[in-house]
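Next come the chains, spelled out residue by residue.
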Amino acid sequence: LLCVVLLIICSLFVSALKRGTTGYMLQALRGSEVASQSVGINPTRWRIVAFAASSGLAAFGGALLVIGQESVNYGSNFAPLTGLFWLVLVITLASRRVSGAIQGGVVFRVFPDLILIRLLHLAPQWQFALFGLGAINFSKHPEGLLEYSEQKSVRRFDRLISRFNARKQASKTEVQS
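Residues numbered from 1 in each chain as written. Predicted model: local features only at pLDDT ≥ 70, side-chain atom pairs only at ≥ 80, totals over all residues. Heavy atoms only, no water.

Chemist: Go over the overall build of the protein chain, please, and point to the residues and values.
Modeler: The helix and strand tally for the protein chain stands at nine helices and zero strands. Shown N-terminal to C-terminal, the secondary structure of the protein chain runs as helices and strands in the order α-α-α-α-α-α-α-α-α. Counting only residues that meet the buried cut, the protein chain has 18% of its 177 residues in that class. For the protein chain, restricting intrachain contacts to residue pairs at least 6 apart in sequence, the fraction spanning at least 24 positions comes to 52%. Total accessible area on the protein chain stands at roughly 12,800 Å², and carbon and sulfur atoms take up 67% of it. (Helix = DSSP H or I, 4+ residues; strand = E, 2+ residues; numbered from the N terminus. Buried < 20%, exposed > 50% of the residue type's maximum accessible area, 1.4 Å probe, protein only. Contact = heavy atoms within 4.5 Å. Areas by Shrake-Rupley, 256 points an atom, 1.4 Å probe, with all protein chains shown as cover.)

Given below as structure tokens:
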């Protein structure tokens, strides 16, 4: 319960950063560094701010991990392949959203045991093949699956609305003539 409350607090913190001055400055830097410098944005300063915020959140998460496992053992707590798998999950889902990190954590915890082993009866080594597929998916959709599917849904909805408006316009012209 404590971890859920802390997750909500951290999510609100990150959302506030994204909607605040820091988020707008970092978006400007991501868009065009030269253009952002021309309007007076110091890229070094805002990159340091982003690094400090992200490293603080990472340290907080690491502290919670150590508290949960009641020990610090680099070999078991911080396996490099596990971290890489987590990174690909978050990037594959949605790297620019707080919900992508939360869903990545849920998938990271549930996917290997529940889905691969119990539901599909696959060996745990299949997660590495799926890891590769996730990396390929990232190269195809760098914005993440959630943002890509949302953009695709918005495009479909826009097409439906434009078809509806075109039919409505056509029926108006038929009535007028």
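Chemist: I'd like to hear about the packing of aromatic side chains, residue by residue, with values.
Modeler: Enumeration according to the criterion identifies zero aromatic pairs in this entry. The ring of Trp-46 has Arg-45 lying over it, and the distance from NZ or CZ to the ring centre is 4.8 Å. (Phe/Tyr/Trp six-rings, centres within 6.5 Å; stacked < 30°, edge-to-face > 60°. Lys NZ or Arg CZ within 6 Å of the ring centre and 35° of its normal.)

Chemist: Mind laying out the pattern of salt bridges, listing which residues take part and the relevant values?
Modeler: Taken as a whole and assessed by the stated rule, the structure comprises one salt bridge. Residue Arg-47 is joined to Glu-33 by a salt bridge in which the shortest nitrogen-to-oxygen separation is 2.9 Å. Separated by 14 residues along the polypeptide, Arg-47 in helix α4 (residues 43-69) and Glu-33 in helix α3 (residues 33-38) bring together distant segments of the chain. Exposure remark for Arg-47: the relative accessible area of 44% places this residue in the partly exposed category. (Salt bridge = Lys/Arg side-chain N within 4 Å of Asp/Glu carboxyl O.)

Chemist: Kindly report on a positive patch on the surface, identifying the contributing residues and their values.
Modeler: On the surface, Lys-140, Lys-152, Arg-155, Arg-156, Arg-159, Arg-163 and Arg-167 cluster together into a patch of positive charge. Position of Arg-155 among the secondary structure elements: in helix α9 (residues 145-176). The exposure class of Arg-155 is partly exposed, given its relative accessible area of 41%. (Patch = residues over 30% accessible without salt bridge, like charges linked within 9 Å, V, L, I, M, F, W, Y side chains within 5 Å. Lys, Arg positive; Asp, Glu negative; His and termini not counted. Charge placed at Lys NZ, Arg CZ, Asp CG, Glu CD.)

Chemist: Describe the packing of helix α1 (residues 2-19) against helix α2 (residues 21-31), naming the residues involved and giving the relevant values.
Modeler: Put simply, α1 and α2 touch, their axes get as near as 4 Å, and they point 60° apart. Compared by their axis directions, α1 and α2 come out oblique. Together, Leu-17, Lys-18 and Arg-19 of α1 and Thr-21, Thr-22, Gly-23 and Tyr-24 of α2 make up the contact between the two elements. Looking at the contact of α1 with α2 residue by residue, the classes come out as two nonpolar, three polar and two charged. (Axes fitted to C-alpha atoms, helices over the stretch in contact; angles between N-to-C directions. Parallel < 35°, antiparallel > 145°, perpendicular 65-115°, else oblique. Nonpolar A, V, L, I, M, F, W, Y, C, P; charged D, E, K, R; others polar.)

Chemist: How would you explain the packing of α2 against α4 if you had to name every residue and give the values?
Modeler: Packing of α2 against α4 leaves a shortest axis separation of 10 Å and a crossing angle of 120°. Between α2 and α4, the crossing angle belongs to the class labelled oblique. The chirality of how α2 crosses α4 is left-handed. Residues Thr-21, Thr-22, Met-25, Leu-26 and Leu-29 of α2 lie in contact with α4, whose contacting residues are Pro-43, Trp-46, Val-49 and Ala-50. Considered class by class, the residues forming the contact of α2 with α4 number seven nonpolar, two polar and no charged. (Left-handed = near helix turned anticlockwise from the far one by under 90°.)

Chemist: Please set out the side chain of Ser-36 residue by residue, giving values where relevant.
Modeler: The topology assignment puts Ser-36 in helix α3. Apart from residues no more than four positions distant in its own chain, Ser-36 is found in contact with Ala-28, Leu-29 and Ile-41.

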